[in-house]
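Commentary on secondary and tertiary structure
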Amino acid sequence: MLHVRTRSVEATRQVAAALEPILLPGDVILLSGDLGAGKTAFVQGLAAALGVTEQVTSPTFTLAASYEGRLRLHHLDVYRLDNLAEVLDLDLPELLEDHATICIEWGEVVVPELPRDFLRIRIQLGHPEDIDDARVLEIEPVGSSWVSRNQQLEDVWTEWTTTETGDL
Ligand code: ADP
Ligand code: MG
């Protein structure tokens, strides 16, 4: 488990962008955290690094959006539980076979439908709590594809990673 700390929305976008060089076709990134945590901000940073020129917004009302970049990016938001059926109707299996990057916000409900390998990112309001813009990204590589990239994850995020739980 890695802990990455940011203190601005730009920093969260940079953290996401730093991940781009180690992405492989078909990677799935699961984002959870309360409304306003920064899940969409993370996807925006990743999209920019992938060379997506279109503006990435929250797909809450559209459920899924796709963008062209170095790798195609599918951005899903499973905000309501009844979205799950709709997401499955979106041919998730097909999206998973697209050799694209898939980012799923609130994706925990989708876990049973996912491949074994995914990067789980939980975004929490950070410490110190009196700083509104502080966030902690708790990152857990799941499955061999991501576990084997653990060192790479540490390397790209050294600037933001803390091994201790104390404040910066
Ligand atoms: P979510 O998709 O999780 O609901 P958004 O990414 O849409 O959240 O919104 C996050 C909000 O929090 C934005 O208004 C952003 O400017 C703000 N924010 C403040 N600090 C941070 C931070 N460190 N990381 C990400 N977003 C931040
Ligand atoms: Mg969002």
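Going by the structure above, here's the rest.
All of the points below concern the structure found in this document. (Residues numbered from 1 in each chain as written. Chains lettered and ligands numbered in written order. Predicted model: local features only at pLDDT ≥ 70, side-chain atom pairs only at ≥ 80, totals over all residues. Heavy atoms only, no water.)

If you tally the helices and strands in the protein, you get six helices and eight strands. Seen in sequence order, the protein has helices and strands lined up from the N terminus as β-α-β-α-β-β-α-α-β-β-β-α-α-β. Burial status across the protein gives 48% buried among its 168 residues. Sequence-distant contacts, at least 24 apart, represent 64% of the contacts inside the protein between residues at least 6 apart. Of the roughly 8,400 Å² that the protein leaves accessible, carbon and sulfur atoms contribute 50%. (Helix = DSSP H or I, 4+ residues; strand = E, 2+ residues; numbered from the N terminus. Buried < 20%, exposed > 50% of the residue type's maximum accessible area, 1.4 Å probe, protein only. Contact = heavy atoms within 4.5 Å. Areas by Shrake-Rupley, 256 points an atom, 1.4 Å probe, with all protein chains shown as cover.)

Moving on, we get to the pattern of salt bridges. Summed over all chains, the structure comprises eight salt bridges. Note that Asp27 and Arg149 form a salt bridge whose closest N and O atoms lie 2.8 Å from each other. On the criterion of sequence distance, the pair formed by Asp27 in the loop between α1 (9–19) and β2 (28–32) and Arg149 in the loop between α5 (144–147) and α6 (150–156) is long-range, its members being 122 residues apart. Each member of the pair, Asp27 as well as Arg149, is classed as buried. A salt bridge links Glu138 to Arg122; the nearest nitrogen and oxygen atoms lie 3.3 Å apart. Here Glu138, found in strand β7 (residues 135–142), pairs with Arg122, found in strand β6 (residues 118–125); they are 16 residues apart in sequence, far enough to count as distant. A relative accessible area of 16% means that Glu138 is categorised as buried. (Salt bridge = Lys/Arg side-chain N within 4 Å of Asp/Glu carboxyl O.)

Here strand β3 (residues 64–67) shows a buried face lined by Ala65 and Tyr67 and an unburied face lined by Ala64 and Ser66. Bridge analysis of β3 against strand β4 (residues 73–77) gives four bridges, and the strand direction is antiparallel. By the bridge assignment for β4, Ser66 is matched with His74. Where β3 hands over to β4, the hairpin turn is made up of five residues, counted between the paired strands. (Pairing = 2+ DSSP bridges.)

Among the residues of α1, those classed as buried are Ala11, Thr12, Val15, Ala16, Ala18 and Leu19. For α1, the angular spread of the buried residues around the axis is 160 degrees, confining them to a single face. (Arc of directions from axis to C-beta.)

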